[in-house]
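# Chains, contacts and geometry: an overview
So the chains spell out like this:
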Amino acid sequence: MSMVTLNEFIMERQADFPFASGDLSRLLADISIAAKIINHKVNKAGLQDILGAESTTNIQGETQMKLDVFSDQALLNAVKWGGQVCGAGSEENEKYFAFDLEHCRKAKYVILFDPLDGSSNIDVNVSIGTIFSIHRRKSSLGDLANVNDFLQKGSDQVAAGYVIYGSSTMLVYTTGHGVNGFTLEPSIGEFCLSHADMKFPETSTMYSINEGNMASCSKGVQAYVNYCKSVDKKNNLPYTARYIGSLVADFHRNLIKGGIYIYPGTKKNTEGKLRLQYECNPLAFIAEQAGGKASDGKNRILDIQPKDLHQRTPFFIGPVKMVEKVEEFIRELDI
Ligand code: AHM
Ligand code: MG
């Protein structure tokens, strides 16, 4: 059986881009190395003194998990010493890093990432993930990265992806030419192409939302969830509810099986919980490339102009028809 490794695939695809210098390919390879390092640690989480909370808190005021901190460092090191980015922004750090190294000052890209999403699930052995977003820098080559490099719209992403540490470990990414998924083959330590040209299925019948928050959601969102539960065989209703509480895992399942993921604004948190730049934008880019849609309920996620590195947004992502349906309820019921 012939196997295509991630590196072979990236090199093959690079040939499709005239004048490509290979920098983006090298960056993706650096990320895949960090993913393997994180994967190794995640797999041993139950065996080492690594479970539980670190004593520090991050910028969001949340308790950082030890594995969060480890994953953040693994990614920062990989991209800094790889030399393809001039800076990095991460969920775990209040300010972006501008790497003051000669090779980084000359680098063309910046990266934003959530090093370990869904980390509240670590202690209970549930799937978690890494999410990343890559932009071309705005600042001049040779300068230090500046804030404008990190406040670009999602539509300007040149690549984005996620790694899911699940029953197997997968890396899924796009450079704007479709979505491809690679499964880590542990015996050879390589990501191998397993899910070529991923698309949301034609028929999608799942919805994922934390229904515990329902009472403080808008009327439009409440009406949509009631619609999901209504009985109408012709339209495959009721839908099946599935919520892991781990964005990467919920999104990955919905991409493969067909479903919508929702994290809306609530009365208390009008902008929801998820962060635009390193959680929503990369998944929105992947969703659109997989024939889906991502919205804040009214606007395309990728068109939002970020004002802050850690800004949050309501998030509705999945097959086009499902996202359009919830938008319809929001338009009608939420002023
Ligand atoms: P995190 O980045 O601190 O891990 O939080 C993000 C996570 C997502 O993975 C998940 O979809 C969401 O928070 C779950 O939130 P809730 O527990 O409110 O449903
Ligand atoms: Mg997160």
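Let us now look at the domain arrangement of the protein chain. Each assigned domain of the protein chain is listed here: domain 1 (6-195) and domain 2 (206-333). Taking only C-alpha atoms, the centre of domain 1 and the centre of domain 2 are 24 Å apart. Counting residues at the interface gives 46 residues for domain 1, matched by 32 residues for domain 2. Carbon and sulfur atoms make up 62% of the surface buried where domain 1 meets domain 2, a total of about 2,800 Å² over both sides. Linking domain 1 with domain 2 are 1 salt bridge. Here R275 and E91 are joined by a salt bridge, their closest N and O atoms 3.6 Å apart. Looking at the side of domain 1 that touches domain 2, the elements that each hand over two or more residues are β5 (109-117), β6 (128-136), β7 (157-165) and β8 (169-174). In terms of residues, the side of domain 1 that touches domain 2 owes the most to one element, β7, which gives 8 residues. Of the residues assigned to the side of domain 1 that touches domain 2, the class counts are 19 nonpolar, 20 polar and 7 charged.

Below, the discussion takes up the side chain of Q84. Tracing the sequence through the fold places Q84 in the loop between α3 (66-82) and β3 (85-90). From its side chain, Q84 meets the backbone oxygen of G82 in a polar contact 3.1 Å long. If sequence neighbours within four positions are ignored, Q84 has contacts with D23, R26, L27, D30, V79, A107, K108 and Y109.

Spatial strand order, β4-β3-β5-β6-β7-β8-β9-β10: 8 strands in an open sheet with mixed pairing. In this open sheet, the two edge strands, each paired with only one partner strand, are β4 (97-98) and β10 (190-195). Two elements, β5 and β6, share 7 bridges in a ladder whose sense is antiparallel. Within the sheet, the bridge partner assigned to I111 lies in β6 and is I134. Of the strands in this sheet, β3, β5, β6, β7, β8 and β9 (179-185) are in contact with helix α8 (residues 276-289), which crosses β7 at around 100°.

Below, the discussion takes up the coordination of the magnesium ion (ligand 2). For the magnesium ion (ligand 2), the protein coordination sphere consists of E91 (OE), D114 (OD), D117 (OD) and E279 (OE), at 1.9 to 2.6 Å. Within one chain, the residues donating to the magnesium ion (ligand 2) are spaced in sequence as E-x22-D-x2-D-x161-E. Of this pair, D114 sits in strand β5 while E279 is found in helix α8, placing the two residues 165 residues apart along the sequence. A residue is classified by how much of its surface remains accessible, and D114, at 0% relative accessible area, is buried.

Read from one edge of the open sheet, 5 strands run β12-β11-β13-β15-β14, paired in mixed fashion. The open sheet has two edge strands with one neighbour each: β12 (240-241) and β14 (292-295). Of the pairings in the sheet, the one linking strand β13 (residues 259-263) to strand β15 (residues 315-319) comprises 3 bridges and is antiparallel in character. Across the sheet, Y263 pairs through a bridge with F315, a residue of β15. Against the sheet, α8 engages β14 and β15, with an angle of about 20° to β15.

It is worth spelling out the pairing of β15 at this point. Looking along a regular strand, one sees the side chains alternate between the two faces of the sheet. Judged by how many residues are buried, β15 sits mostly within the fold: 5 of 5 residues are covered. Judged from the 4 bridges that link them, β14 and β15 form a sheet pairing that is antiparallel. Bridge pairing in β15 places G292 opposite P319.

On to the site of ligand 1, then. Taken together, 17 residues form the shell around ligand 1, and within it D117, Y243, L247, Y261 and Y263 come nearest. In this structure, K273 approaches ligand 1 through a side-chain N or O atom, which is 2.9 Å from an oxygen atom. The side chain of E279 places a nitrogen or oxygen atom 3.1 Å from an oxygen atom of ligand 1. For the shell around ligand 1, the elements supplying multiple residues, two or more each, are β5 and β13. Here the residues of the shell around ligand 1 are counted per class, giving 5 nonpolar, 5 polar and 7 charged.

Procedures and definitions
Residues numbered from 1 in each chain as written. Chains lettered and ligands numbered in written order. Predicted model: local features only at pLDDT ≥ 70, side-chain atom pairs only at ≥ 80, totals over all residues. Heavy atoms only, no water. Domains from an automatic or database assignment. Contact = heavy atoms within 4.5 Å. Buried area = accessible area lost by both parts, 1.4 Å probe. Salt bridge = Lys/Arg side-chain N within 4 Å of Asp/Glu carboxyl O. Helix = DSSP H or I, 4+ residues; strand = E, 2+ residues; numbered from the N terminus. Nonpolar A, V, L, I, M, F, W, Y, C, P; charged D, E, K, R; others polar. Polar contact = N/O pair within 3.5 Å; in protein donor to acceptor, adjacent residues only side chain to side chain. Pairing = 2+ DSSP bridges. Axes fitted to C-alpha atoms, helices over the stretch in contact; angles between N-to-C directions. Donors = N, O, S within 2.8 Å, 3.2 Å for Na, K, Ca; no water. Buried < 20%, exposed > 50% of the residue type's maximum accessible area, 1.4 Å probe, protein only. Near = heavy atom within 4 Å.

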